[in-house]
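Fold and contact review
Spelled out from the first residue to the last, the chains are:
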Amino acid sequence: MATERYNPRDAEPRWQQKWNEENVFLTDNADPREKYYVLEMFPYPSGRIHMGHVRNYAMGDVVARYKRARGYNVLHPMGWDAFGMPAENAARDNKVHPKEWTYQNIASMKAQLKAMGLSLDWSREFATCDVDYYHRQQMLFIDMMEKGLVYRKKSKVNWDPVDNTVLANEQVIDGRGWRSGALVEQRELTQWFFKITEFSQELLDALDTLDHWPEKVRLMQKNWIGRSEGLTIRWEIVPETSPNAEREITVYTTRPDTLFGASFLAISADHPLAKEAAAANPAIDAFCEECRRAGTSLAALETAEKKGMDTGIRVRHPLDPSWELPVYIANFVLMDYGTGAIFGCPSGDQRDLDFARKYHLPVVPVVMPRDGDAASFTIGDVAYDGDGIMINSRFLDGMGTEEAFETVAAKLAAESLGNAPQAERKVNFRLRDWGISRQRYWGCPIPVIHCDDCGVLPVPKQDLPVKLPDDVTFDQPGNPLDRHPTWRHVACPQCGKDARRETDTMDTFVDSSWYYTRFTAPWEHEPTDKAAADRWLPVDQYIGGIEHAILHLLYSRFFTRAMRETGHVEAKEPFKGLFTQGMVVHETYSRGHGLTREWVSPADIRIEEADGQRRATLLSTGEDIAIGAIEKMSKSKKNVVDPDDIIASYGADTARFFVLSDSPPDRDVIWSEAGVQGAHRFTQRMWRLVSEAADALKTVAATPAKEGEALAISQAAHRTLKAVQGDYDKLAFNKAVARIYEFVNTLAAPLAKVAAGETDAGYRSAVREAVEILIALVAPITPHLAEECSAALGNAHLIAMSAWPSYDEVLVIENEIVYPVQINGKKRAELTIARDADQNAVQKAVLALDAVGSALNGQAPKKIIVVPQRIVNIVV
RNA sequence: GCGGACGUGGCGAAACUGGUAGACGCAAGGGACUUAAAAUCCCUCACCUUCGGGUAUACGGGUUCGACCCCCGUCGUCCGCACCA
């Protein structure tokens, strides 16, 4: 029977429409079955989807379809992370309103996602720039304000003095504004902050419970939170050296054990005392200015040499009041870590050592390695920062570092300076509070009002939402909300007098910190329907890029806690399982060298292979093109492949199949034309094999074979089913694909026989059963093809709504085992024996083998190791 | 600098808890069908070999009956973080 080639352009839209008509992917919150929430990180509506999206959503869709088949009530929603700078840039550059630009992009990307055949519940879709969404975000903000999780403080921003605007860090290039080229200044503005540090310890501790997260991500978060245990120590200032009435300097240290190695104190240029000293001394002032300037440029910061200036201030050593030390201002001390002041112990810290050598300060070794010799141990150019034995440290001598730490901590805690203990134990975190103020238009307005008389007040909830005005312009730099003629003017909700709206909008990370919760009841007037949120959260499987390993995931973890405190959810953690997928990468092609080098798109070239050499030529002119490194797909390198083109020429199933095959999902996958063609060949082959046998199979029932030739087919089907199921459970899509290939190879000959009419009814039943299993196995990856094949067999039901088949244990178990037989650890023979043969029987059978006999050469074996069902090893 | 991951054929990769290294795919080569091409189907495909076998999982050691897997050291690649006191 002649069969048409499978035509995805015809089949795919047809099945998508069918799924749509039957509402297959709408999720009912009231469905009593066990829940499964699978979510891929929602996209920014940049305009077009790229291959990274295809891979991400293909993975999520496999999980969603698989879990649905396994009987779960699956939630698989999609939305848009729609606020952010690109829309404002587009507005300024192309004179298009950010709103219009964003919603147009959403419309075209939505069409692209739909063409992929994803099993999404589109009824729950929203964009974070929808008033309905940011309205609820403003409600959350006010709830968080009431719980004391929001506050204002002065904070530094990158300020472009030419454009009069605040710049994000990524807009600062080599210390200059990306558009104006002006030297960026650090300015202090009063900004809004979320108190994420209130949860530092909890966010750290709970990492241990996230056992379905990659170890790598947990470690990155752990380092980011950066807990350290130490001591704050107060040092008395020698009164006559103080620039003002200040009597002491507080220092944070994790190494109080090295206190006798101290030779100076260093404070940040932004330290209050430094400012006092600067006011009195122009040289110090100039030095502080220099430090601040250097701080703006990353490049300078990395190469900066350690610099300091003596303030003239002297302090007394906490363990010996007669010992005075100098206080320096140093460029490497940061005001926002610890207390902005350190004590320098040159023998125990490389940075302090470099500093001490430069300014001729004493270097006293106080810790030596355990096998060191106290009399001869000295420090040269390298500090010793390890553990060891205390030396030159008076009453600490001979102790271990840990014991010395405890001793100093206890002693200083018991002593006092003024009315307070000289030192206190202190746990310090690297994590800082989350600054969310952005001086931009295209974001969620911070719902507060500034009144001269009443201060800063939240917008009353009944007055929400604070909507963004539509009539704004982007022809001038700065925040359009600031210069809007009327928007900011509002009556004070308390006294009724003229007041001003906050014009800062929220960081877009706020939008993405709770969207997964909103998906559980996007129609709800309150931010959440708590019952729905509690039912669905945490997300069972979250899938996205590793680039969000820290910020997005940490902020979301914070938000879940904040929403718990404000009574919106019960969940402790937002994401139970996390999977970070690899990128889609592609070869790069270019012509010319150096400055004249020009990147060429893969669509414009032809690749040929001859004598093992791959050559690329330009299609238009035939000129040679250099084949370069494999890199992440990017517009600048032009190594991008447009998903639309692929779907148009091969279909969505081929694209989905390819991005999931070959590479493990957490590793990068190399996009190649040959690979896609291979995937496409698979879809065609599967269709051909099934459709050619379809007529002969239509009328037979699916029944596994118990014996004879067909038994092997049923066994292969059930074994593959078991294995692929395990692969899907572990998100090992590449392995599932390999097994599916293998299974199709096994089924090829039987299907051909069936098509040729050479088989009996029992055989056909076994083949039909095997094909039904094959269809179920491929359905999560290539759902349209699965439906098409199933329909060809005469099935009326949708595969998308069908239950996962279950395997028969009897068919999975092998009745005979092939034992590899090793002699001294090298494989020499094979032994096929009944599965239930006991050790003695196996040993006997092994010794009877020719290969074993000749190896033994008449001698008795030293030892025979039989690992049941695995291997036999004979030691001679 | 600190922390982490990784290193297997021409390529992407498999290999369960320490048990036959290279499944599956790509590329390549040969053949069948065809006037021809495409498509399809079949065969070969780590290296060496005196055809018995020998050598191979970055390199050098170790543990073990047995090591891609565990331990020690070296080299390399990638990622994250960083004047963090």
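Our structure is the block above this text.
Only a predicted model underlies this, so the values are computations on that prediction, with no experimental measurement involved.

**Examining the protein's contact with RNA strand B**
The environment of RNA strand B is made up of 44 residues, and the closest members are Thr-254, Lys-306, Leu-334, Tyr-337 and Arg-351. When atoms of RNA strand B within 4 Å of the protein are split into backbone and base, the sugar-phosphate part holds 63%. In the model, a sugar or linking oxygen of RNA strand B is placed 3.3 Å from a nitrogen or oxygen of the Thr-253 side chain. Between RNA strand B and Lys-827, the relevant distance is 3.0 Å, taken from a base oxygen to a side-chain nitrogen or oxygen of the residue. Broken down by secondary-structure element, the contributors of at least two residues to the surface near RNA strand B are helix 7 (215-225), strand 9 (248-253), helix 20 (673-697), helix 22 (733-755), strand 34 (816-823), strand 35 (826-834), strand 36 (863-867) and strand 37 (871-875). Ranked by residues supplied to the surface near RNA strand B, first place goes to helix 22 with 6 residues.

**Structural notes on the packing of helix 22 against helix 23 (residues 761-778)**
Close contact between helix 22 and helix 23 brings their axes to 10 Å; oriented N to C, the two are set at 145 degrees. For the pair helix 22 and helix 23, the sense of crossing is left-handed. For the pair helix 22 and helix 23, the contacting residues are Ile-740, Phe-743, Val-744, Leu-747, Pro-750, Leu-751, Lys-753 and Val-754 in the first and Tyr-763, Arg-764, Val-767, Ala-770, Val-771, Ile-773, Leu-774, Leu-777 and Val-778 in the second. Class assignment of the residues belonging to the contact of helix 22 with helix 23 gives a composition of 15 nonpolar, no polar and 2 charged.

**Some words on helix 11 (residues 350-358)**
Residues of helix 11 that are buried include every one of Asp-352, Leu-353, Phe-355 and Ala-356, and no others. Relative to the axis of helix 11, the buried residues are bounded by an arc of 165 degrees and lie together on one face. Looking at the buried positions of helix 11, the neighbouring elements they touch are strand 10 (264-267), strand 11 (308-317), strand 12 (320-330) and strand 13 (341-344). For helix 11, the N-terminal cap is Asp-349; the gap from its side-chain oxygen to the backbone nitrogen of Arg-351 is 2.9 Å. Of the residues flanking the end of helix 11, it is His-360, one or two places downstream, whose phi is positive at about 55 degrees.

**Topic: the sheet that holds strand 34**
Read across the open sheet, the 4 strands follow the order 35-34-37-36; overall the sheet is mixed. Across the chains shown, the open sheet's two edge strands, defined by having one partner strand only, are strand 35 and strand 36. Strand after strand, the sheet turns through a mean of 20 degrees between neighbouring axes, direction not considered. Summarising the sheet, strand 34 and strand 37 pair through 3 bridges and their orientation is parallel. Its bridge partner being in strand 37, Val-821 is matched across the sheet by Val-872. Along the sheet, helix 26 (residues 839-847) contacts strand 34, strand 35, strand 36 and strand 37; its crossing angle with strand 35, the most-contacted strand, is approximately 125 degrees.

**Observations regarding the packing of aromatic side chains**
Tallying each qualifying case throughout the model produces 44 aromatic pairs. Each ring, one from Trp-434 and one from Phe-558, has its centre 6.2 Å from the other, and the planes form 75 degrees; the classification is edge-to-face. Of the two residues, Trp-434 sits in strand 19 (residues 434-435) while Phe-558 sits in helix 17 (residues 551-565), which places them 124 residues apart along the sequence. Neither residue differs from the other here; Trp-434 and Phe-558 are each classed as buried. Arg-430 extends its terminal NZ or CZ atom over the ring of Trp-224, reaching a point 4.5 Å from the ring centre. Across from the ring centre of Trp-487, 5.7 Å away, lies the NZ or CZ of Arg-501, which sits over that ring.

**A word on the layout of surface pockets**
By volume, the second largest pocket is sized at about 640 Å³. Forming the boundary of the second largest pocket are 25 residues, of which His-586, Tyr-589, Pro-602, Ser-672 and Glu-673 lie nearest the centre. Elements that contribute at least two residues to the lining of the second largest pocket include exactly strand 28 (584-591), strand 30 (605-610), helix 18 (643-650) and helix 20. Of the residues contributing to the lining of the second largest pocket, the split by class is 13 nonpolar, 5 polar and 7 charged.

**Examining the pattern of salt bridges**
The final tally for this structure, using the stated rule, is 49 salt bridges. Among the ionic pairs, Arg-561 bridges to Glu-202, the shortest N-O distance being 3.0 Å. Here Glu-202 lies in helix 6 (residues 200-205) and Arg-561 lies in helix 17, a separation of 359 residues in the sequence. Note that Arg-768 is salt-bridged to Glu-772, the shortest N-O span being 2.9 Å. Residue Arg-768 and its partner Glu-772 are located together in helix 23, separated by 4 residues, close to a single helical turn. As far as burial versus exposure is concerned, Arg-768 and Glu-772 are alike and both buried.

The rules behind the values
- Residues numbered from 1 in each chain as written.
- Chains lettered and ligands numbered in written order.
- Predicted model: local features only at pLDDT ≥ 70, side-chain atom pairs only at ≥ 80, totals over all residues.
- Heavy atoms only, no water.
- Near = heavy atom within 4 Å.
- Polar contact = N/O pair within 3.5 Å; in protein donor to acceptor, adjacent residues only side chain to side chain.
- Helix = DSSP H or I, 4+ residues; strand = E, 2+ residues; numbered from the N terminus.
- Axes fitted to C-alpha atoms, helices over the stretch in contact; angles between N-to-C directions.
- Left-handed = near helix turned anticlockwise from the far one by under 90°.
- Contact = heavy atoms within 4.5 Å.
- Nonpolar A, V, L, I, M, F, W, Y, C, P; charged D, E, K, R; others polar.
- Buried < 20%, exposed > 50% of the residue type's maximum accessible area, 1.4 Å probe, protein only.
- Arc of directions from axis to C-beta.
- Pairing = 2+ DSSP bridges.
- Phe/Tyr/Trp six-rings, centres within 6.5 Å; stacked < 30°, edge-to-face > 60°.
- Lys NZ or Arg CZ within 6 Å of the ring centre and 35° of its normal.
- 1 Å grid on protein atoms, 1.4 Å probe; cavity = no way out; pocket = protein on both sides within 12 Å on 5 of 7 lines; lining within 4 Å.
- Points joined across faces, edges and corners; volume = space filled by probe spheres on them.
- Salt bridge = Lys/Arg side-chain N within 4 Å of Asp/Glu carboxyl O.

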